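Chain by chain, the residues run as shown.
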Amino acid sequence: MAGSAVAWPRVYEERGLLSWLTTVDHKRIGILYILGAGFFALIGGLEALLIRTQLAVPNNRVLVGEAYNQVLTMHGTTMIFLVVMPVLAGLGNYVVPLMIGARDMAYPRLNAFGVWMFLLGGLFLNLSFLLGGAPDAGWFGYAPLTAKTFSKGTGIDFWILGLQLLGISSITSSINFVSTILLLRAPGLTLNRLPLFAWTTLVTAFLILFAMPSISAALFLLFLDRHLGTHFFNPAAGGDPLLWQHLFWFFGHPEVYIMILPAMGIVSEVLPVFSRKPIFGYTAVAYSSVAIGFIGFTVWAHHMFAVGLPPVVNAFFSAASMLVAVPTAIKVFNWIATIWGGAVRYRTPFLFAAAFVALFVIGGLSGLFLAAVPVDWQVTDTYFVVAHFHYTLFGGSMFAIVAGIYYWFPKITGRFLDERLGRLHFALQFIGFNLTFFPMHFLGLSGMPRRVYTYAPGLGWEGLNLLATVGAFILALGFVVFFVNIARSLVAGERAPDDPWDGHTLEWLTSSPPPPYNFARIPVIHSRRPAWDRKYTGNPHPHPVIEAAEGNDRVGEVETSEEPIHLPSPSLWPLILAAGLTVFALGLVTHWIFIPVGLLLFALGLVRWVQQPLFPEAHGTSS
Amino acid sequence: MASHHPTVGSEIAVDSRKLGVWVFLASEVIFFASLIVSYLVLHNRVTSGPTAHEALTLTIPTINTMILLTSSVAMVLALAHLRDGNRRASIAWLLTTAWLGICFLILKAVEYSQHLHEGLTPSVNVFGSAYYTVTGFHAAHVAVGVIWILSVALGLRRRLSPQNDVLVETVGLYWHFVDLVWVAIFMVVYLLR
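Computed from a predicted structure; not experimentally measured. (Residues numbered from 1 in each chain as written. Chains lettered and ligands numbered in written order. Predicted model: local features only at pLDDT ≥ 70, side-chain atom pairs only at ≥ 80, totals over all residues.)

**Q** An account of the overall build of chain B is requested, with residue identities and associated values reported.
**A** A count of helices and strands for chain B gives six helices and zero strands. Reading the secondary structure of chain B in the N-to-C direction produces α-α-α-α-α-α. Each of the three principal axes of chain B carries a C-alpha extent, and together these read 60 × 35 × 20 Å. Residues counted as buried form 41% of the 193 residues belonging to chain B. A fraction of 79% describes how many contacts in chain B between residues 6 or more apart in sequence connect residues 24 or more apart. (Helix = DSSP H or I, 4+ residues; strand = E, 2+ residues; numbered from the N terminus. Buried ≥ 20, exposed ≤ 12 C-beta atoms within 10 Å, placed from the backbone. Contact = placed C-beta atoms within 7 Å.)

As structure tokens, this is what we get:
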């Protein structure tokens, strides 16, 4: 399929397990992220169903007390750190290098390390269920509840170290995204022409880099409190539980934007393609992401309105939180204007993307309620908050992620997802989601507290709770249809051409699935919609094309290229390094024997990684 | 870290390894800022046991400050000599830098043992907790830096050429950063005690 000058390591053509364990190809790494997130989504989803089953009727005894707390904590932790973040990292890994005309990420082996660290960190966290009980202090692990005095078991230690491992994964992948997007863009692809999904991935990477160290420091302090007898969060010895809250939410609120910005990027790609129009207000959509990122670091204390900060502080954080509505609304209006007057094709990706806009607006509006201190005091720690953040993270992030999967599935696999099953999936997910979470607004307003495993009859909460539980099972059925659709399409799905949606961006110019080297010849970019221009040069167009199109040849399939393509060698050492860290963490929680074993694996992985040249033969250098 | 050089399309002409280290260090700033802020919030809330004013002396930390600042000069010279094509001198200055780092760690250990002798432990009070955590994480960064510098010096001796000055430059960036963190710690922990 490609010219003889193309030289990539043989392992890329192999199909065996080893080729996956040693892969440094951003596309395979992206797939590993997405599959891993899918696996953890099953666990997190089952946890959600357990919670809803318990709450279906008053005084239920399905899941009570500590077990309920464990499931609740792991549901939140799983969905945030093991599902939404990694699936977005996975789509970013797969798509962004293709979108910007790069052959791989800037640091291919560090990229592999990131995905192994995620998979092993996720398994480590879930191992806690088998080894003495899962963490049970909620996903924000407030001190001093997490102190040794109140949480004696190892659950909290699994939580601390698991999040540290996942944090390492996020930091390394973010460094990679920043370098890749800043340095490896194709000629002519200026930042002002960068696809919006790449834009939001870039901003998100910076958010992770500046938010993650704060929780990392806090987790270290908590670990020291639990095991070395330090007093950071122990009020009896002068320590300060509020310090935990500040350090946690300095991470925790940007984290919300870490989960929503790439989702907004996906929607900004899908809506124009299916409306057959360019995105309305490209510059505003791109720069509003940057604005959200900046403001996102100045709003964390709105999670702490009820702890008694001075009124001036509350007023500042209240105002800053409301300010986020401005760049967010800019995006919403631009999306609506993009659809407006377009020749809309109502395919599944469009349905999910459009639903994202509607549902995210609801989540954003309830967020404005919560930004007002008096309202927040009224509904803090009630189901109103649960409704709010599920509208942003499920109605928002998850709907956009599903849109992205339907959109890029043909590129990743060379096959379409079934349209009829897709519509059924959409109907079930949309109805199920709203049935589950809309009633929670009313439950919260009438005072039902979150995180409590049961409620008494006669408070007027029975009907809405039962409705929410029914909705949750409809939602789950939607995901069953989704997984069936994926499995069916992988085996017998309709074959997809290279450019199934008449796309705008560069990834549609290579084959489906793309070759290991992505593009035989790196394309030169003249506008924001390089693929569209190549197909329709001469049409009336908002971004005039300077050069004539080079014909309809697929960029990935040129007979010969001028110079040989060198792809990095596969490497096992990133996996060994990640395994070393995980075993080391296991030693800290369980038996000390794992500590030296982990350190040995870590040292072995590191030394061999440094010694192995990045590229085969003597063409490249290593560090 | 891998080596990819920017393609022609990028407006930003910088080696990707260098950018990667810069970005990583930016992230580290927040990590140390979190620790230092925690120290500032807590160190005056001692309920029993030694306070910062009672426990800390200036002699060793002042010497240590001079050692680290000198080591940064040595690191600059290592890079300058490598760029001039003088590989042997570069290696010598790298080893000097690493040695100064080791001296810092030895003096830090001496200081810790004095503290422990006087009853200041991480668990004695909230000042002890914060003090050992901030300085301990910094010392760990110094130790990582020493290992990194020695491995670069070893690599330079074996097979790497002056064209690979980015390897020295990246470890240098890290080393200067660790120095800078120490200067901040010196001011916040020792001078403001």
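**Q** Just give me the short version of the interface of chain B and chain A, but keep the residues and values in it.
**A** On the side of chain A, 46 residues touch chain B, which itself brings 39 residues to the contact. No other element matches helix H1 (residues 16–42) of chain B, which puts 16 residues into the side of chain B that touches chain A.

**Q** How would you explain the packing of helix H5 (residues 155–183) of chain A against helix H17 (residues 573–589) of chain A if you had to name every residue and give the values?
**A** All names here are of chain A. The N-to-C vectors of H5 and H17 enclose an angle of 160 degrees; their axes lie 10 Å apart at closest approach. What the angle tells us is that H5 and H17 run roughly antiparallel. As H5 packs across H17, the resulting crossing turns out to be right-handed. Residue-level contacts link Asp157, Phe158, Leu161 and Leu165 of H5 to Leu581, Thr582, Ala585, Leu588 and Val589 of H17. Residue composition of the contact of H5 with H17, by class: seven nonpolar, one polar and one charged. (Axes fitted to C-alpha atoms, helices over the stretch in contact; angles between N-to-C directions. Parallel < 35°, antiparallel > 145°, perpendicular 65-115°, else oblique. Left-handed = near helix turned anticlockwise from the far one by under 90°. Nonpolar A, V, L, I, M, F, W, Y, C, P; charged D, E, K, R; others polar.)

**Q** Lay out H5 of chain A in plain terms, naming residues and giving numbers.
**A** End to end, H5 of chain A covers 42 Å across 29 residues, agreeing with the expected 42 Å (1.5 Å per residue, within 8%). Counting buried positions along H5 of chain A yields 27 of 29 residues, so the element is predominantly enclosed. (Expected span 1.5 Å × (residues − 1).)

**Q** Pulling in residues and values, what's your account of the nonpolar core?
**A** Note that soluble globular proteins tend to have their nonpolar side chains buried in a common cluster. Judged by nonpolar contacts, the single largest core of 239 residues is most densely connected at Val267, Val270, Phe352, Ala353, Phe356 and Ala403 of chain A. Excluding its chain neighbours within four sequence positions, the residues that come into contact with alanine 403 of chain A are Ile266, Val267, Val270, Pro349, Phe352, Ala353 and Phe356 of chain A. (Core = buried A, V, L, I, M, F, W, Y, C linked by C-beta atoms within 7 Å.)

**Q** Give a detailed account of the environment of alanine 186 of chain A, specifying residues and quantitative values.
**A** Residues and elements named next belong to chain A. Structurally, alanine 186 is set in the loop between H5 and helix H6 (196–227). Note on alanine 186: 22 C-beta atoms within 10 Å, which makes it buried. Separated by 337 residues in the primary sequence, alanine 186 and proline 523 place their C-alpha atoms 6.6 Å from one another.

**Q** Break down the packing of helix H2 (residues 26–54) of chain A against helix H4 (residues 108–127) of chain A for me, with residues and values.
**A** Residues and elements named next belong to chain A. Where H2 meets H4, the axes come as close as 9 Å, and the angle between the chain directions of the two elements is 15 degrees. Considering the angle they form, H2 stands roughly parallel to H4. In this structure, H2 crosses over H4, and the sense of that crossing is left-handed. Counted together, His26, Ile29, Leu32, Tyr33, Gly36, Phe40 and Ile43 of H2 and Asn111, Ala112, Val115, Phe118, Leu119, Gly122 and Asn126 of H4 form the full contact between these two elements. Classifying every residue of the contact of H2 with H4 gives nine nonpolar, five polar and no charged.

**Q** So what's going on with the confidence of the model for chain A? Residues and values would help.
**A** Residue and element names in this part refer to chain A. Mean pLDDT over chain A: 91, with 92% of residues reaching 70 or higher. Contacts of residues 1–12 to residues separated by more than four positions or lying in other chains number 33 contacts, the stretch itself having pLDDT below 50. Scored below 50 in pLDDT, residues 618–623 makes 16 contacts in the model with residues more than four places away or belonging to other chains. (pLDDT = per-residue confidence, 0-100.)

**Q** Tell me about the confidence of the model for chain B, and please be specific about residues and values.
**A** Residues and elements named next belong to chain B. With 91% of its residues at a pLDDT of at least 70, chain B reaches an overall mean of 90. Per-residue pLDDT stays below 50 along residues 1–8; that stretch engages in 32 contacts with residues further than four places along the chain or on separate chains. For this predicted complex, the interface score ipTM comes out at 0.93, while the overall pTM is 0.93.

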